[in-house]
Amino acid sequence: MGDVVIGARSGAGEPEGSGGRVARSAESAAPSAAAEEQAAQTADGQGEHADGAEGSREHPEPAAEPEGGPDADAEEAAKPRKQRSFWKELPILVGIALVLALVIKTFFVQAFSIPSESMQNTLQVGDRVLVDKLTPWFGAEPERGEVVVFHDPGGWLGDEPTQQSSNSFVRGVQDVLSFVGLMPSANEKDLIKRVVAVGGDTVECDGGGPLKVNGVALNEPYVFQGNPACGTMPFGPVKVEKGRIWVMGDHRSNSLDSRYHQDQPGGGSVPVDNVIGRAFVVAWPVSHWSTLSVPDTFDQKGLAAATVPAAPPALGTVGAIALLPLVRRARARTERRKES
């Protein structure tokens, strides 16, 4: 073993023998192993390059992402949209509200103010009532007992001044609100009364009462306490024309109604076309809130008998059977004439 060390140091020729061969082979093996290792690394590197190239051919690299990447798009979508300012939306909301109010006033409901005492105690001065304007659009006509608002048929209000404020600004606001139906109009001359008779009815009232419709006496609990049924103006009998109504105030001693206009066209009755609608509720003030229903007295049997004459169904059937032979004979004659 000492020869191996010395020979390696001196670099002299190696003696023959096993010891020298072993030493030489050991020395030669070292660089050979290093070369093999280097070759292996080279081969591995070449393999990796080959695999990478093959992989690039099979799986092409994705296109370059835009600046910021997908996270930027997600953040952009997640950002809340900028809302409009309240002051920018307010005019739109006010406009929508006014349009809806105008539509409701025109076709559905309108508010009216009570200007006088003619409907006490059912309605008080200053009460606000809501009037149904939808029903007349479907052809419905006023019925007995309903409280209705109607346009002046002519001369009922005369030169009575309209109730308007002396302040120009207040008048302007009132005109706008009344135009859209949020406030009663001070310019229109409208009246409110109770329908006691309709077209085809006969109505009358002598000095002491009671009021009679088609000969049926009415029990009227809605009349102002202490007032006689006719007030100070007995009348009748009056035949109400078709398409018209006879109206009276509940405060009979303080109501210039149909009784006081019998000398005018229509004999005191009001055209149905003048009716704006039926008042169905007292909406203001809250302490006066109530519904304006039809009193039970107008549901009496026989009250409408004179206005709806109709043949009994059995009588109509008998008449049809009796006419059947005549119809057959007429058809037979017609067929004979065609054949000849």
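Reading the values: rules and limits
Residues numbered from 1 in each chain as written. Predicted model: local features only at pLDDT ≥ 70, side-chain atom pairs only at ≥ 80, totals over all residues. Heavy atoms only, no water. Helix = DSSP H or I, 4+ residues; strand = E, 2+ residues; numbered from the N terminus. Buried < 20%, exposed > 50% of the residue type's maximum accessible area, 1.4 Å probe, protein only. Contact = heavy atoms within 4.5 Å. Pairing = 2+ DSSP bridges. Phe/Tyr/Trp six-rings, centres within 6.5 Å; stacked < 30°, edge-to-face > 60°. Core = buried A, V, L, I, M, F, W, Y, C linked by side-chain atoms within 4.5 Å. Patch = residues over 30% accessible without salt bridge, like charges linked within 9 Å, V, L, I, M, F, W, Y side chains within 5 Å. Areas by Shrake-Rupley, 256 points an atom, 1.4 Å probe, with all protein chains shown as cover. Salt bridge = Lys/Arg side-chain N within 4 Å of Asp/Glu carboxyl O. pLDDT = per-residue confidence, 0-100.

The next subject is the side chain of aspartate 250. Note on placement: aspartate 250 falls in the loop between strand E9 (244-248) and strand E10 (270-271). Aspartate 250 gets classed as buried once you look at its relative accessible area, which sits at 0%. Once residues within four sequence positions are removed from consideration, aspartate 250 is found in contact with Ser118, Met119, Gln120, Thr122, Arg194, Tyr222, Val223 and Phe224.

Moving on: the sheet that holds strand E7 (residues 216-217). Taken together, four strands build an open sheet; the order of strands is E7-E6-E5-E8 and the sheet is antiparallel. Whereas interior strands pair on both sides, the edge strands pair on one side only; in this sheet they are E7 and strand E8 (235-239).

Looking along a regular strand, one sees the side chains alternate between the two faces of the sheet. What you see with strand E2 (residues 128-132) is a clean split: Val129 and Val131 sit on the buried side and Arg128, Leu130 and Asp132 on the side with no burial. In terms of strand pairing, strand E1 (residues 109-113) meets E2 through five bridges, oriented antiparallel. Bridge assignment links serine 113 to a residue of E2, and that residue is arginine 128. Strand direction decides the pairing type here: E2 and strand E11 (residues 275-284), joined by five bridges, are antiparallel. Considered in E11, the bridge of aspartate 132 is made with arginine 278.

Inspection of the entire model under this criterion finds three aromatic pairs. Both rings, one in phenylalanine 150 and one in tryptophan 156, keep their centres 5.8 Å apart while their planes meet at 85°; by these two values the pair is edge-to-face. Take tryptophan 156: its relative accessible area is 8%, and that puts it in the buried class. Between tyrosine 222 and phenylalanine 298, the aromatic rings sit 6.3 Å apart at their centres with planes inclined by 15°, giving stacked as the arrangement. Here tyrosine 222 is found in the loop between E7 and E8, whereas its partner phenylalanine 298 is found in the loop between strand E12 (290-291) and helix H6 (313-339), with 76 residues between them in sequence. Neither tyrosine 222 nor phenylalanine 298 differs from the other in exposure class; each is buried.

Bringing the nonpolar core into the picture now. If you look at the biggest cluster of nonpolar residues, it comprises 19 residues, and the most contacted ones within it are Val203, Leu211, Phe235 and Trp246. Those elements giving two or more residues to this core turn out to be strand E4 (190-198), strand E5 (202-205), E8 and E9.

Attention now moves to unusual backbone geometry. Generally, phi is negative for residues other than glycine and the peptide bonds are trans, each holding for most cases. Going from glycine 236 to proline 237, the amide bond is cis rather than trans, its omega being 5°. Here proline 237 is to be found in strand E8. For the peptide bond that leads from tryptophan 284 to proline 285, omega is -5°, which places it in the cis range. As for its placement among the helices and strands, proline 285 is situated in the loop between E11 and E12. At asparagine 214, a residue that is not glycine, the phi angle is positive and equals roughly 55°. Within the secondary structure layout, asparagine 214 lies in the loop between strand E6 (212-213) and E7. What makes asparagine 214 buried here is its relative accessible area of 18%.

The next point concerns a nonpolar patch on the surface. A cluster of nonpolar side chains, Phe108, Leu134, Trp137 and Phe138, forms an exposed patch at the surface whose accessible area comes to about 470 Å². Relative to the helices and strands, phenylalanine 108 is located in the loop between helix H4 (86-107) and E1. The exposure class of phenylalanine 108 is partly exposed, given its relative accessible area of 37%.

Turning our eyes to something else, we now look at the side chain of glutamine 120. Here glutamine 120 lies in the loop between E1 and E2. The contact partners of glutamine 120, leaving out residues within four places of it in the chain, are Phe224, Asp250 and His251.

Our focus in this paragraph is the pattern of salt bridges. In this structure the tally under the stated criterion is five salt bridges. Its salt-bridge partner being glutamate 146, residue arginine 278 comes within 4.0 Å of it at the nearest N-O pair. One end of the pair, arginine 278, is in strand E11; the other, glutamate 146, is in the loop between E2 and strand E3 (147-151), and 132 residues separate them in sequence. Residue arginine 278 is classed as partly exposed on the basis of its relative accessible area of 27%. Note on glutamate 146: relative accessible area 11%, which makes it buried. The closest approach of N and O atoms between aspartate 250 and arginine 194, which form a salt bridge, is 2.8 Å. Pair noted here: aspartate 250 is in the loop between E9 and E10 and arginine 194 is in strand E4, with a separation of 56 residues, a long-range link.

Confidence in the prediction of the protein chain, expressed as mean pLDDT, is 73, and 54% of residues score 70 or more. A low-confidence stretch, residues 47-59 (pLDDT under 50), is modelled with zero contacts involving residues beyond four sequence positions or located in other chains. Ignoring residues within four places in sequence, the model shows residues 306-320, a span with pLDDT below 50, making seven contacts including any to other chains.

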